[in-house]
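Close look at the chain arrangement
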Amino acid sequence: MRIFVFPFLFFAGASIASAQPVPDLGPEAEPPSAEDFNALPDELPEEGGQVVVEESDPDDEQSRLDELFANLAKSDNPKEAARIGREIQMLWMDSGSDTVDVLMSRAGKAIQADDHALALDLLDTVVILKPTYAEGWNRRATVHYMQEDFGKSLVDIERTLALEPRHWGALSGLAIIQRRLGFESEALTTFKRALEINPSLENANKAVKDLEKDAEGEPA
């Protein structure tokens with residue numbers, strides 16, 4: 001999957017970023033929203049101390065994530081899958097830095113208030129302070145998508161997936177952009193990859209069914 005994802009992002013991201021305005025999606029195309037990328041996790045408490053970027057133990061966190069992902073992939077109980085997915089999201093949200101967590105919380109509130117300019121300012125600071133923090137790139141990708149700046153969104157999705165290839169939100173976002181730009185076969189592949197990681201994604205399941213149905217209706 002990574003062999004496909006990153007070359008696509010490089011070429012598509014570069015071409016889309018340089019092509020202004022964004023391609024006409026047609027009069028029936030709904031404006032993008034944060035919900036398209038799967039609902040953003042609830043905000044962390046807005047608490048912070050001095051400006052310092054701390055590092056959590058990467059081995060402990062990685063071990064816990066590996067365990068959770070293994071359980072998620074084999075879970076056939078929707079409630080259990082939702083619980084596991086939520087725990088993974090909370091681990092993703094925890095940057096290990098009080099300062100970055102506060103910036104993320106404020107960015108989330110700016111997104112909810114449709115203040116995309118402020119959200120981007122805050123998220124630009126997040127990725128500068130902690131470039132290894134996948135969720136910072138993912139959230140900035142979401143804001144770029146909401147502004148229909150698909151080129152920049154693709155670039156940030158690439159950074160997210162480079163740091164966390166199992167990020168189903170970033171994969172779903174990639175698939176949504178692929179689909180909106182007419183790359184339906186690629187979108188189907190990407191949605192299926194997201195479902196391999198998290199089978200409980202309702203939007204991805206529906207998208208796969210719709211795309212497979214459309215493909216079956218095409219002439220041989």
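Data block above holds the structure.
In this report, the structure presented in the accompanying data block is examined.

The rules behind each value
Residues numbered from 1 in each chain as written. Predicted model: local features only at pLDDT ≥ 70, side-chain atom pairs only at ≥ 80, totals over all residues. Heavy atoms only, no water. Phe/Tyr/Trp six-rings, centres within 6.5 Å; stacked < 30°, edge-to-face > 60°. Helix = DSSP H or I, 4+ residues; strand = E, 2+ residues; numbered from the N terminus. Buried < 20%, exposed > 50% of the residue type's maximum accessible area, 1.4 Å probe, protein only. Core = buried A, V, L, I, M, F, W, Y, C linked by side-chain atoms within 4.5 Å. Axes fitted to C-alpha atoms, helices over the stretch in contact; angles between N-to-C directions. Parallel < 35°, antiparallel > 145°, perpendicular 65-115°, else oblique. Left-handed = near helix turned anticlockwise from the far one by under 90°. Contact = heavy atoms within 4.5 Å. Nonpolar A, V, L, I, M, F, W, Y, C, P; charged D, E, K, R; others polar. Polar contact = N/O pair within 3.5 Å; in protein donor to acceptor, adjacent residues only side chain to side chain.

Time to look at the packing of aromatic side chains. One pair of aromatic rings is described through two measures. These are the centre distance and the angle between the planes. For the structure shown, the criterion picks out 4 aromatic pairs. Here Phe69 and Trp92 contribute two aromatic rings whose centre-to-centre distance is 6.1 Å and whose plane-to-plane angle is 45 degrees, an arrangement assigned as tilted. Taken together, the residues Phe69 in helix H2 (residues 58-74) and Trp92 in helix H3 (residues 78-93) connect sequence positions 23 residues apart. Here Phe69 falls in the buried class, since its relative accessible area comes to 7%. Given the relative accessible area of 9%, Trp92 is considered buried. Here Trp92 and Trp168 contribute two aromatic rings whose centre-to-centre distance is 4.8 Å and whose plane-to-plane angle is 50 degrees, an arrangement assigned as tilted. Of this pair, Trp92 sits in helix H3 while Trp168 sits in helix H8 (residues 168-180), and the two are 76 residues apart along the sequence. Comparing Trp92 with Trp168 shows no difference in burial state: the two are buried. In this structure an aromatic cluster arises from ring pairing among Phe69, Trp92 and Trp168.

This brings us to the nonpolar core. Core analysis: the biggest nonpolar cluster contains 33 residues, and Phe69, Ile88, Ile157, Trp168, Ile177 and Phe191 have the highest contact counts within it. With 15 residues, the next largest nonpolar core counts Met104, Ala107, Ala119 and Val126 among its residues.

Interaxial distance between helix H7 (residues 150-163) and H8 falls to 9 Å at its minimum, and their mutual angle equals 150 degrees. Taken together, the axes of H7 and H8 are roughly antiparallel relative to one another. Between H7 and H8 the crossing geometry is left-handed. Packed against H7, whose contacting residues are Phe150, Ser153, Leu154, Ile157, Thr160 and Leu161, the element H8 presents Ala170, Leu171, Gly173, Leu174, Ile177 and Arg180 at the interface. By residue class, the composition of the contact of H7 with H8 is 8 nonpolar, 3 polar and 1 charged.

A few words now on the side chain of Ser75. Looking at the secondary structure, you find Ser75 in the loop between H2 and H3. A relative accessible area of 14% places Ser75 in the buried class. Among the polar contacts listed, one links the side chain of Ser75 to the backbone oxygen of Asn77, at a separation of 3.4 Å. The contact partners of Ser75, leaving out residues within four places of it in the chain, are Glu80 and Ala81.

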